[in-house]
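Topology and contacts: notes
Here are the chains, one letter per residue:
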Amino acid sequence: MWPILNAEHLPTLKAHLWPKCLLVFDYDGTLAPIVEDRSQAMMRSKTQELIVSVSKRCKTAVVSGRALRELQSFLNGVPLFDLIGNHGAESGASKTPPDERVERWSQMLEEELGAVNGVEVENKRHTLSIHYRNSKSPSIERRVMSAALNCRGARLMNGKKA
């Protein structure tokens, strides 16, 4: 991976910017480090400084699996062209109502997994995530998958312990 936001590469980046350019970044693992407590996934100050600088010169967007409102709080003050959350289901321009099945699935998964140490069911209104990175159970992945398979009509996608 080429660290394009490093100071040494800014001249190259500037040379390739033009009015129709759009830079798109992921949040977790790109702009912010992957951390145990996902609510603490803050950008480093230097990264924030660089993304603000780049955003002032070129259309810049951030795409993430996080809920849009959570992303907005992490990127407050960054002049972005667009912010896209929930794996594309939410954007600053979109007003799509949430799928009512998500609430049912969330309640069902909370009942089955909510008390399991190190597991969190995150309801993002349009999608759900089951985070199990902090679980010590050797069979947690199988248990999470078994519970998720009970969500009729849901499309399952594997993540990094999510």
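I will try to describe carefully the structure that is included in this document. (Residues numbered from 1 in each chain as written. Predicted model: local features only at pLDDT ≥ 70, side-chain atom pairs only at ≥ 80, totals over all residues. Heavy atoms only, no water.)

**Overview of the pairing of strand β1 (residues 22-26)**
Condition: Relative accessibility under 20% of the residue-type maximum defines a buried residue, over 50% an exposed one, and the middle range a partly exposed one, all with a 1.4 Å probe and only protein chains included. Secondary structure elements are defined from DSSP: runs of H or I of at least 4 residues count as helices, runs of E of at least 2 residues count as strands, and each element is numbered from the N terminus. At least two DSSP bridges between two strands are needed for those strands to be called paired. For the handedness criterion, the strands are oriented away from the viewer, and a crossover whose path from the first strand over the helix to the second runs clockwise is classed as right-handed.
Of the two faces of β1, only one is covered, namely that formed by Leu23 and Phe25; the face formed by Leu22, Val24 and Asp26 stays uncovered. With five bridges joining them, β1 and strand β2 (residues 59-63) adopt parallel strand pairing. Looking at β2, one finds that valine 24 is bridged to alanine 61. Note that the unit made of β1, helix α2 (residues 45-57) and β2 has a crossover that is right-handed.

**A short note on the nonpolar core**
Across soluble globular proteins, nonpolar side chains have a tendency to be buried as a group. Rules: In this description, a nonpolar core means a group of buried Ala, Val, Leu, Ile, Met, Phe, Trp, Tyr and Cys residues linked to one another through side-chain atoms lying within 4.5 Å. In what follows, a contact means two residues having at least one pair of non-hydrogen atoms within 4.5 Å.
In this structure, Leu5, Tyr27, Leu31, Met43 and Leu75 are the most contacted members of the largest nonpolar core, which totals 23 residues. If one sorts the elements of this core by residue count, α2 sits on top with four residues. Apart from the residues within four sequence positions on either side, methionine 43 is in contact with Tyr27, Leu31, Ala32, Gln48, Ile51, Phe74, Leu75 and Val78. Residues Val102, Leu113, Val119 and Ile140 belong to the second largest nonpolar core, which totals 14 residues.

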